[in-house]
Amino acid sequence: MKNYYKVLKNCPLFKGIMEEDLSKLLNCLGAKVIEFDKKYTIIAEESLSKQVGVMLLGSANINKTDYYGNRSILSNVKEGEIFGEAFACAEVPSAVSVIAEEYCKVLFIESSRILRSCSNGCLFHQKLIYNLMRDIALKNVAFHQKMQITSKRTTREKLLAYLNFCARQKGSNYFEIPFDRQELADYLQVDRSGLSVEIGKLKNEGLIENFKNRFRLLK
């Protein structure tokens with residue numbers, strides 16, 4: 001576990017907790033690490049999971065599938081990020097699935113171990129609860145930001161809104177997105193072929209440069 005202390009220090013759940021306290025903390029929380037192969041379902045839609053996940057290694061996509069089997073990518077989980085916390089704390093079935101995009105190692109913690117102080121009276125529990133609630137609030141803000149993007153009328157408007165959001169987030173007009181072409185289409189909730197056409201048009205108009213999942217905004 002010590003090999004991942006650097007990742008955990010940058011995890012929002014453990015913000016403000018000293019590295020020397022992590023071992024005691026993880027032991028108190030009963031944390032466990034599980035490995036997943038690429039494309040493995042880490043959390044299945046409609047399953048009841050009471051665990052909060054922390055991505056130690058690799059990445060995963062959070063997906064939503066409608067009645068007809070159409071997939072929408074809601075977000076991407078990278079190293080040091082949390083997932084599953086809202087449904088775990090609410091103790092309701094997950095409305096989304098979490099799928100490994102590559103080989104992953106995930107740290108799982110029972111949500112009840114975070115929310116309820118242990119018999120040892122550990123001082124870090126209040127900090128953990130604060131960090132968890134702040135993360136849930138930020139995820140809610142991010143959800144509304146995504147809604148602002150996907151509510152645009154056309155594929156072009158959705159794409160430009162997303163690229164501008166990424167540029168602001170990275171603080172640079174040159175950035176890399178966490179999706180391939182099909183995944184980007186699923187995230188924007190548009191047709192892949194139509195998305196490719198719009199990317200081509202924006203390149204021809206001199207508005208963007210693009211190579212695979214790397215983009216540069218030119219104007």
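Rules behind the numbers
Residues numbered from 1 in each chain as written. Predicted model: local features only at pLDDT ≥ 70, side-chain atom pairs only at ≥ 80, totals over all residues. Heavy atoms only, no water. Pairing = 2+ DSSP bridges. Helix = DSSP H or I, 4+ residues; strand = E, 2+ residues; numbered from the N terminus. Axes fitted to C-alpha atoms, helices over the stretch in contact; angles between N-to-C directions. Expected span 1.5 Å × (residues − 1). Buried < 20%, exposed > 50% of the residue type's maximum accessible area, 1.4 Å probe, protein only. Arc of directions from axis to C-beta. Contact = heavy atoms within 4.5 Å. Polar contact = N/O pair within 3.5 Å; in protein donor to acceptor, adjacent residues only side chain to side chain.

Chemist: Summarise the sheet that holds strand 10 (residues 208-211); cite the residues concerned and give the values.
Modeler: Here three strands make up an open sheet; going across it, the order is 9-11-10 and the pairing antiparallel. Of all the strands in the sheet, the pair left with one neighbour each is strand 9 (174-176) and strand 10. Neighbour-to-neighbour, the strand axes of the sheet open up by a mean angle of 15 degrees, direction not taken into account. Summarising the sheet, strand 9 and strand 11 (residues 214-217) pair through three bridges and their orientation is antiparallel. Along strand 11, the bridge assignment pairs phenylalanine 175 with phenylalanine 215.

Chemist: Provide a residue-level description of the sheet that holds strand 5 (residues 71-77), including the pertinent values.
Modeler: What the four strands build is an open sheet, ordered 2-7-4-5; its pairing is antiparallel. Every other strand in the sheet has two partners, leaving strand 2 (41-43) and strand 5 as the edge strands with one partner each. Pairs of neighbouring strands in the sheet enclose a mean axial angle of 35 degrees, with direction left out of account. Of the strand pairs in this sheet, strand 2 and strand 7 (residues 97-100) are connected by two bridges, and their pairing is antiparallel. Directly across from isoleucine 43, in strand 7, lies its bridge partner valine 98.

Chemist: Just give me the short version of helix 8 (residues 192-204), but keep the residues and values in it.
Modeler: With 13 residues, helix 8 should cover 18 Å at 1.5 Å per step; its first-to-last C-alpha distance of 18 Å lies within 8% of that length. Within helix 8, burial applies to Leu195, Glu198, Ile199 and Leu202. The buried residues of helix 8 occupy one face: seen down the axis, they fall within an arc of 100 degrees. For helix 8, the secondary structure elements touched by its buried residues are helix 6 (155-170), helix 7 (181-188), strand 10 and strand 11. With its phi angle positive at about 75 degrees, glycine 206 sits one or two positions after the end of helix 8.

Chemist: Could you give an account of the side chain of serine 59, with specific residues and numbers?
Modeler: Tracing the chain through its elements places serine 59 in the loop between strand 3 (51-57) and strand 4 (60-65). Since its relative accessible area comes to 12%, serine 59 is described here as buried. A distance of 2.8 Å separates a polar atom in the side chain of serine 59 from a polar atom in the side chain of glutamate 102. Apart from residues lying up to four places away in sequence, serine 59 is in contact with Asn76, Val77, Lys78, Ala100, Glu101, Glu102 and Cys104.

Chemist: A description of helix 5 (residues 125-150) should follow, citing residues and the corresponding values.
Modeler: Over its 26 residues, helix 5 extends 37 Å from the first C-alpha to the last, a length consistent with the 38 Å expected when each residue adds 1.5 Å. Of all the positions in helix 5, only His125, Leu128, Asn131, Leu132, Asp135, Lys146, Ile149 and Thr150 are classed as buried.

Remember, this is a structural readout, not a statement about activity or role.
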